[in-house]
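# Coordinates in review
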Amino acid sequence: MQAWRSRTVPDLPATGEQPRVRAYDSKAQGLAEVGPDGGTARMYVCGITPYDATHLGHANTYVGFDLLNRVWRDSGLLVNYVQNVTDVDDPLIERADRDGVDWRELAEEQIALFREDMEALNVLAPASYVGAVEAIPMIVELIERHRREGLVYAVEDPTDPEHPDLYFAQASDPTFLSLSHLSPEEARPVFAERGGDPDRPGKRDPLDALVWRLERPGEPAWDSPFGRGRPGWHVECTAIALDRLGAAFDVQAGGSDLVFPHHEMSAVEGQVTTGEVFARAYLHSGMVGLDGEKMSKSRGNLVFVSALRRSGVDPMAIRLALLAHHYRSDWMYSDADLAAAAERLATWREAVRLDSALNAEATLAEVRAALADDLDAPRALAAVDAWAGASLAMDGDDTEAPGLVARLADGLLGVVL
Ligand SMILES: Nc1ncnc2c1ncn2[C@@H]1O[C@H](COS(=O)(=O)NC(=O)[C@@H](N)CS)[C@@H](O)[C@H]1O
Ligand SMILES: [Zn+2]
């Protein structure tokens, strides 16, 4: 599937020894260096389920991990960034049914909107942007392999004997639950809340995840050696990541609501396939809320990037409103966030238009140090605030500085001044 267009990332001068970027790894439950010493960094950031796109929660997650992409590039690494689109799954079909539209059309229209929003927010496009539907052949191949190895079994469900759907046996990977650090008892309600079916009769373990749902009337279905049907959610990301990135890629990322079951399940299904870790680190962004509740499709309390853009809000102000909060923090969005961001944007733009200003090499070094420390964007923004404020208050004679800050704002923070 086609991704979107990315602005070129400006080159920035060296400022001494570059610190290796560290980020909080949910599995290790601590900061870990992420990415290789050299060569190509490999990152998989789970993509949208294409309806209600692109709300500020989605944007918070993609802008957050866009920083890692930019920091890696700035340190001289190439980046192989892969993102999926869950363009077939229960929630999408349910929404299409609710709105009386074809689920394919809904997906198509929402993916187009998502691409536009990502481009406007200056999020660098993934090298591979892969839809679940187009990935079905590789998903079927992976399930067939797991079936041959006895890792996937048909559920003999007395309440639904015609549909012995296929499930992945979590017991096949002893490291199951080591990503979320949940006990089976804690995991069970979370699984039920996020698309799982722990109470289905006939499963070997309540936490076993669906990998292939046999065709029901009115549901989309594709041929497979194990009957017409469609893929489960988690196996989609395992198949795409293994196909495009291979085993033990550097980072698997997404919002904190993906830790369990989604990333846990994708990881075990990947690990039993390759015998290696699925990802070396698992990074998760915090939840953006509105009026006291997490912004979510089910609640419908959503603020859309496209609506803000249509109302004349500069997408760079939206990006700055997001960057003002640490990517791992849960926070409540309010219009005040946007107003403050617009102010900051105006100040930065005024300062980079000065003919000369205060030297900005220390600012560049501070922004780099901040982002290398668990993508600390608020600290990076404060460094640029300090340079802009001081440069607007007194005459600086460095004619290179304004251009350098404009380039570092774009290259490292994705903020185009
Ligand atoms: N309120 C929110 N705040 C922050 N991130 C959010 C919020 N809601 C959703 N996200 C993140 O946005 C990304 C896309 O969410 S989604 O559209 O529901 N899609 C999915 O989770 C799956 N298609 C991943 S394979 C996920 O990483 C999710 O964690
Ligand atoms: Zn995913």
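Residues numbered from 1 in each chain as written. Chains lettered and ligands numbered in written order. Predicted model: local features only at pLDDT ≥ 70, side-chain atom pairs only at ≥ 80, totals over all residues. Heavy atoms only, no water.

A few words on the site of ligand 1. The environment of ligand 1 is made up of 24 residues, and the closest members are Gly 47, Thr 86, Asp 257, Val 288 and Met 295. Thr 86 places a side-chain nitrogen or oxygen 2.7 Å from a nitrogen atom of ligand 1. One of the backbone nitrogen or oxygen atoms of Met 295 is found 2.8 Å away from a nitrogen atom of ligand 1. In the complex, the protein chains occlude 95% of the 600 Å² of accessible area that ligand 1 would expose alone. Of all elements in the fold, only α1 (56–74), α6 (233–244) and β10 (249–255) reach the threshold of two or more residues within the shell around ligand 1. (Near = heavy atom within 4 Å. Polar contact = N/O pair within 3.5 Å; in protein donor to acceptor, adjacent residues only side chain to side chain. Areas by Shrake-Rupley, 256 points an atom, 1.4 Å probe, with all protein chains shown as cover. Helix = DSSP H or I, 4+ residues; strand = E, 2+ residues; numbered from the N terminus.)

It is worth spelling out the coordination of the zinc ion (ligand 2) at this point. Protein coordination of the zinc ion (ligand 2) is provided by Cys 46 (SG), Cys 237 (SG) and His 262 (NE2), with donor distances spanning 2.0 to 2.2 Å. For the zinc ion (ligand 2), the four donor atoms are set out with angles of 101 to 122 degrees between them, so the coordination reads as tetrahedral. Going along the chain, you hit the donors of the zinc ion (ligand 2) in the pattern C-x190-C-x24-H. Taken as a pair, Cys 46 in the loop between β3 (40–45) and α1 and Cys 237 in helix α6 lie far apart in primary sequence, 191 residues in all. (Donors = N, O, S within 2.8 Å, 3.2 Å for Na, K, Ca; no water. Tetrahedral: all angles 85-135°; square planar, octahedral: opposite > 155°, others 65-115°.)

Moving on: helix α4 (residues 136–148). When the terminal C-alpha atoms of α4 are compared, their 18 Å separation across 13 residues agrees well with the 18 Å that a helix rising 1.5 Å per residue should span. Those residues of α4 hidden inside the fold are in contact with β6 (152–154), β7 (166–168), β8 (209–214), β9 (229–231), α6 and α7 (259–274). Residue Gly 150 follows α4 closely and has a positive phi angle near 75 degrees. (Expected span 1.5 Å × (residues − 1). Contact = heavy atoms within 4.5 Å.)

Quick look at the domain arrangement of the protein chain now. Domain parsing of the protein chain yields domain 1 (22–145 + 176–192 + 232–285) and domain 2 (314–413). Its C-alpha centre places domain 1 at a distance of 29 Å from the equivalent point of domain 2. Buried surface at the junction of domain 1 and domain 2, both sides included, amounts to about 2000 Å², of which 61% is carbon and sulfur. At the junction of domain 1 with domain 2, the criterion picks out two salt bridges. Linking domain 1 to domain 2 there are 11 residue pairs in polar contact (both at pLDDT 80 or more). Only β1 (22–25), α1 and β11 (279–285) provide two or more residues apiece to the side of domain 1 that touches domain 2. (Domains from an automatic or database assignment. Buried area = accessible area lost by both parts, 1.4 Å probe. Salt bridge = Lys/Arg side-chain N within 4 Å of Asp/Glu carboxyl O.)

The subject of this paragraph is the nonpolar core. In this structure, Trp 72, Tyr 333 and Leu 413 are the most contacted members of the largest nonpolar core, which totals 91 residues. Among the elements that line this core, the one with the most residues is α1, at nine residues. Counting contributing residues per domain, this core is built from domain 1 (22–145 + 176–192 + 232–285) and domain 2 (314–413), each supplying no fewer than three. Not counting chain neighbours up to four residues away, the residues in contact with Tyr 333 comprise Leu 56, Val 288, Gly 289, Leu 290, Met 295, Val 303, Leu 308 and Leu 338. Listed in part, the 43 residues of the second largest apolar core include Ile 139, Leu 166, Val 259 and Tyr 282. (Core = buried A, V, L, I, M, F, W, Y, C linked by side-chain atoms within 4.5 Å. Buried < 20%, exposed > 50% of the residue type's maximum accessible area, 1.4 Å probe, protein only.)

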